[in-house]
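# Per-entry structural report
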Amino acid sequence: MSRTHEDPGWEGPAPEPGHGGVSYHVEVGGGTDGPVVAGSYNLVVDARHGSSVTVGLERQRPAPVRRDRIAVVPRRTREPVGREADAATLSAAIAAGGVVQLCGPAGIGKSALLRHLARTAGNGPDGVVFVSAAHRQVSDLAQQVFESCYRTWGYAPSRTDLRALLAGLRITVYVDDADLTADQLREFTDLVPDATFVLARRDSTPLGDGPVHHLDGLGQDAAALLLTRALGRPLHDAEHATAASLWQVSGGNPLLLLRVAGVAGSGRSALPAPGAVEDLLPRLLDRLDRLGGSAMSAVNLLAVLEDAELAPEHIGALTGEPDPAALCERLAGLGLVTPGEHGYRCAPGVVPAVRRDTAAHPVEGLCRYFTRWAGDPATTPARVAEHSRAIERVAGLATAAGMPELTVALGRAASPKLAHSLRFDAWGRALGRGWTGARRAGDREAEAYFTHEEGVRCLVTGRLAAAAALLAQAALLWHVLGDGRGTTAASEAHQFLPRELQSPGRVTAPEQPAPAEGDTSQAVADHMADLDRGVPGSPPTSGEVGSGYSGAEVTDFGVPAGPGPTQTYHGSPGGGDVGATTATSTATTAAATSAIPVGAATTGATAATGAAAAAQGGSALATLLVGLVVVGVVAVTAYNENEEIPTASGAAGSGIVGTWEFDQKSFTIEESGPGAYSFSTTCGDDITLTGDDTEATGEMPARTRDSAGGPCGPIIGYNTATITAGPSPDTAWWTVTMPPEEAEIRTCVSCGMSVMTRVG
């Protein structure tokens with residue numbers, strides 16, 4: 001596992017047994033180097049090679065190191081005017097702990113006060129973390145808090161591990177734009193149970209008995225001081241009465257007062273009349289337009305992006321402004337833009353007031369700019385994640401403007417970086433936009449890519465039923481396109497689904513005719529469309545089976561038979577069997593009504609018939625899952641029916657002890673002594689494993705086939721077998737690996753991982 005330059009805390013000892021389940025190693029293509037560990041099952045995502053997925057056992061995962069000093073504070077700004085009493089009240093509430101809410105209307109100064117408190121209030125003993133929740137879901141926010149507290153790189157812990165790592169941290173978490181639902185906020189705060197939370201949001205929400213501080217407008221004296229500061233000059237004698245009236249009309253709203261000063265300007269111009277408060281924005285924008293230069297161009301640009309934040313570097317590149325940072329500060333002083341942690345966005349009310357000049361910032365130019373930037377190797381995943389909202393907005397505009405091919409290009413450039421950033425919610429929204437663009441453009445290869453990536457995202461975040469449908473659809477699309485690598489990639493990812501989402505051992509042909517090749521199921525289409533619309537998914541659960549993903553749909557179903565692969569075994573120096581052969585797969589012709597046995601496929605290259613592929617296009621999820629059987633999932637389990645399988649005997653136990661089943665075969669593991677476990681194989685071999693009740697490892701014979709073609713021929717070597725308890729008592733993993741020194745003399749086609757289910 002490689003270490004990157006971004007953070008030294010990458011490698012470390014393996015976790016204690018049972019700390020968070022078994023680890024897997026999954027590499028996801030897309031052009032970003034370096035693996036990342038993600039999800040409850042510790043899947044490692046490596047974004048390169050166009051969405052290929054390979055799976056292997058990961059025996060050592062990162063060990064995060066807690067930072068000595070946790071201090072993620074917002075950038076320094078001027079102290080808010082007239083908020084001394086509010087700051088004192090909130091500081092006392094923060095010192096008492098719990099969840100503190102800071103509420104008020106747009107422009108009232110919540111963000112400014114929150115930032116000031118984050119830098120000045122007496123915070124938790126372990127430190128302070130400032131985050132923005134604008135357009136973000138809980139999982140991305142929690143990941144940011146985790147990375148703020150621990151030295152690590154490329155590691156997104158499972159929900160259980162994340163809570164364990166964040167428990168006991170006595171930090172103060174400041175959350176700006178915290179307009180999440182009450183349930184989402186409870187989920188977020190529960191993940192850091194010992195932290196104090198300070199939430200800035202429009203309206204209060206019931207969150208226990210924590211204090212709620214409603215921020216009112218500025219007092220008259222503070223309003224006059226703010227006007228003086230914004231004007232850059234004292235008020236004229238004749239202006240004091242006007243300022244008092246403006247204070248009353250504006251309700252002391254700081255944003256409106258800034259716009260008042262902006263209309264007056266820094267010269268001798270008089271303050272606008274109190275009755276003109278509602279016309280402040282149009283007058284201010286007209287004044288800006290008359291002045292010329294890049295200021296109005298910058299406002300137009302941000303208005304096109306609506307609520308998306310954009311860094312000054314991009315504003316400068318897209319407007320030609322040589323000093324974009326100074327320009328943005330000037331626009332913020334006029335109440336036209338709002339500063340964030342990574343850039344600026346339009347202030348409340350500006351977007352509808354702007355007469356957007358589409359010629360100044362055509363969608364095509366914006367899309368090509370962000371595509372180049374996101375695809376540039378020098379652009380880090382973190383930077384792309386910071387601009388995910390802008391990328392979503394530009395991609396949506398391109399599709400709406402009838403240029404979906406540009407949406408596809410932007411999605412292909414950005415999604416690998418977003419996956420690598422571990423901001424999986426942002427990744428999902430980009431995939432949804434890309435998928436919609438691919439469908440509009442008729443780009444089947446891009447549709448396969450985005451569907452595949454979303455299947456992997458669902459897999460690593462625990463949305464297993466959705467992953468089953470998406471990976472099945474992706475495998476079908478790759479197969480129809482003739483992309484064997486993509487087909488195999490989706491098939492191999494599918495092997496980590498629980499048994500109820502796997503196909504049965506034998507599938508038979510349906511009576512209905514096959515639909516058009518590659519038609520997308522309604523369940524998959526709805527899922528991807530929801531991503532594009534920004535519909536948040538339900539919290540990940542290991543057993544999630546939502547609407548459209550009924551477990552009843554994955555029990556009995558069939559597909560038309562296609563030409564099953566013909567297995568050709570090539571002898572090695574030690575002979576050849578399921579554990580020591582090289583297998584090739586070729587298409588042959590078979591009757592469309594014949595059944596397809598699970599064992600009729602081989603690891604590596606997989607094939608399915610055109611008829612079988614066509615049959616996968618139906619809207620029923622069950623048909624899609626069968627498609628995965630035909631085009632690949634059997635590629636990783638084909639040899640299980642021939643490899644040595646332990647035989648069943650004995651009674652049920654706990655942990656790894658008990659009777660287990662996979663590939664319709666069962667066996668029993670018994671505890672034979674302290675730290676020792678045993679079972680017998682179908683070939684009569686007695687196998688001893690050493691370890692504990694969560695994971696045990698031992699050696700198993702690798703055999704050639706016998707004279708009758710069975711799996712119990714002569715022993716030609718030994719493989720390592722590991723049984724690992726899963727996250728639930730009824731799940732475990734059977735892993736077979738081959739000694740590296742034997743790789744040159746034999747091929748271990750039985751190596752890999754299988755999911756086992758407890759039956760006793």
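For the structure, check the block above.
Residues numbered from 1 in each chain as written. Predicted model: local features only at pLDDT ≥ 70, side-chain atom pairs only at ≥ 80, totals over all residues. Heavy atoms only, no water.

### Section: helix α1 (residues 84-96)
Between its terminal C-alpha atoms α1 stretches 19 Å, which fits the 18 Å expected from 13 residues at 1.5 Å a residue. Taken together, the buried positions of α1 are occupied by Asp86, Ala87, Leu90, Ala93 and Ile94. Mapping the buried residues of α1 onto a view down its axis gives an arc of 130 degrees, with all of them on the same face. Away from its buried face by more than 90 degrees, α1 exposes Glu84, Ala85, Ala95 and Ala96. Where α1 is buried, its residues touch β7 (99-103), α2 (110-120), β11 (171-176), β12 (196-201) and β13 (212-214). (Helix = DSSP H or I, 4+ residues; strand = E, 2+ residues; numbered from the N terminus. Expected span 1.5 Å × (residues − 1). Buried < 20%, exposed > 50% of the residue type's maximum accessible area, 1.4 Å probe, protein only. Arc of directions from axis to C-beta. Contact = heavy atoms within 4.5 Å.)

### A look at the sheet that holds β7
Here we have six strands laid out as an open sheet, ordered β6-β8-β11-β12-β7-β13, and parallel in their pairing. Looking at which strands have only one partner, the edges of the open sheet turn out to be β6 (70-72) and β13. The average undirected angle you get between the axes of adjacent strands in this sheet is 20 degrees. Where β7 lies against β13, three bridges are found, and the strand directions are parallel. By the bridge assignment, Cys103 is partnered in β13 with His214. (Pairing = 2+ DSSP bridges. Axes fitted to C-alpha atoms, helices over the stretch in contact; angles between N-to-C directions.)

### Considerations on the environment of Arg383
Tracing the backbone shows Arg383 in helix α15 (residues 381-386). For the pair Arg383 and Ser421, spaced 38 residues apart in sequence, the C-alpha to C-alpha distance is 8.7 Å. Residues in contact with Arg383, not counting those within four places in the same chain, are Ala311, Glu313 and Trp373. Looking at Arg383, its side chain comes within polar contact range of the side chain of Glu386, at 2.7 Å. (Polar contact = N/O pair within 3.5 Å; in protein donor to acceptor, adjacent residues only side chain to side chain.)

### Thoughts on the nonpolar core
Core analysis: the largest hydrophobic core is formed by 115 residues, its most contacted members being Val299, Leu331 and Leu336. Not counting residues within four places of it along the chain, the set of residues in contact with Leu331 comprises Leu288, Ala295, Ala298, Val299, Leu336 and Val337. Ranked by size, the runner-up nonpolar core spans 31 residues in total, among them Ile70, Leu141, Ala178 and Leu199. (Core = buried A, V, L, I, M, F, W, Y, C linked by side-chain atoms within 4.5 Å.)

### Thoughts on the layout of surface pockets
If you add up the space inside the second largest pocket, you get close to 1,100 Å³. As for the second largest pocket, its lining consists of 45 residues, of which Arg136, Gln144, His342, Glu386 and Arg423 are closest to the centre. Looking at the lining of the second largest pocket residue by residue, the class counts come to 15 nonpolar, 13 polar and 17 charged. (1 Å grid on protein atoms, 1.4 Å probe; cavity = no way out; pocket = protein on both sides within 12 Å on 5 of 7 lines; lining within 4 Å. Points joined across faces, edges and corners; volume = space filled by probe spheres on them. Nonpolar A, V, L, I, M, F, W, Y, C, P; charged D, E, K, R; others polar.)

Everything listed here is a matter of coordinates, which is why it stays silent on function.
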